[in-house]
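Chains, contacts and geometry: an overview
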Amino acid sequence: EEERGFEVRVAEEVIDFENAPAVKKELLAAQASGDFTVDLSNVKRADSAALSALLSARRKAEASGKDLAIEGVPADLKTLARLYGVEALLGLPKEK
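Residues take numbers from 1 onward in each chain, read along the sequence in its written order. Only residues with pLDDT of at least 70 are given local features in this predicted model, and only at 80 or more are side-chain atom pairs given and counted; all residues enter the totals for whole chains, interfaces and linings. Side-chain figures throughout are based on the complete set of non-hydrogen atoms in the structure, without hydrogens or water.

**Looking at the sheet that holds strand β5 (residues 68-71)**
Backbone hydrogen bonds are what pair the strands of a sheet, in a parallel or an antiparallel way. Condition: Here a strand pair is declared whenever DSSP counts at least two bridges between the two strands. Only DSSP runs of H or I with at least four residues qualify as helices, and only runs of E with at least two residues qualify as strands; both kinds are numbered from the N terminus onward. As a rule, the C-alpha atoms of each element are fitted with a line to give its axis, helices using only the stretch in contact, and angles between N-to-C directions run from 0 to 180 degrees.
In spatial order, the strands read β1-β3-β5; together these three strands make up an open sheet with parallel pairing. With one partner strand each, in any of the chains shown, β1 (6-9) and β5 form the two edges of the open sheet. In this sheet, neighbouring strand axes are inclined to one another by 25° on average, regardless of whether the strands run parallel or antiparallel. As defined by bridge partners, strand β3 (residues 36-39) adjoins β5 across four bridges and the pair is classed as parallel. Opposite Thr 37, over in β5, you have Ala 69 as the bridge partner.

**Here's the deal with the pattern of salt bridges**
We count it as follows: Should a side-chain nitrogen of Lys or Arg be within 4 Å of a carboxyl oxygen of Asp or Glu, the pair is scored as a salt bridge. Each residue gets one of three labels from its accessible area relative to the maximum for its type: buried under 20%, exposed over 50%, partly exposed in between, using a 1.4 Å probe on protein chains only.
Evaluated as defined, the whole model comprises two salt bridges. Where Arg 9 meets Glu 7, a salt bridge forms, and the shortest distance between an N and an O atom there is 3.6 Å. On the accessibility criterion, Arg 9 (43% relative accessible area) is partly exposed. According to the relative accessible area criterion, Glu 7 is partly exposed, its value standing at 41%. When the shortest N-O distance is used, the salt bridge between Asp 39 and Arg 9 registers 3.1 Å. Taken as a pair, Asp 39 in strand β3 and Arg 9 in strand β1 lie far apart in primary sequence, 30 residues in all. Residue class for Asp 39 comes out buried when judged on its relative accessible area of 7%. Bridged by salt links that share partners, the residues Glu 7, Arg 9 and Asp 39 form one connected network.

Below, the structure is given as structure tokens:
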């Protein structure tokens, strides 16, 4: 598997409306260094605020010509992404 820049591992087990702004700030700041991968494998639960933070990071990466990959996406976040029709924006495979 090709290495994409560096990795940002989200340490929080829950990303919700309370801490999503801090996670978003961390992701946006990380983009200054170039292409990177967001590892969500520690995350057990995430809500629409987490989805919004990831979409913001993705938009900023694309606007600056950088690549952002997302790995270890928890099931509830995948479900939300499908519900909102944004799984492709997050680089998630479409569920059949």
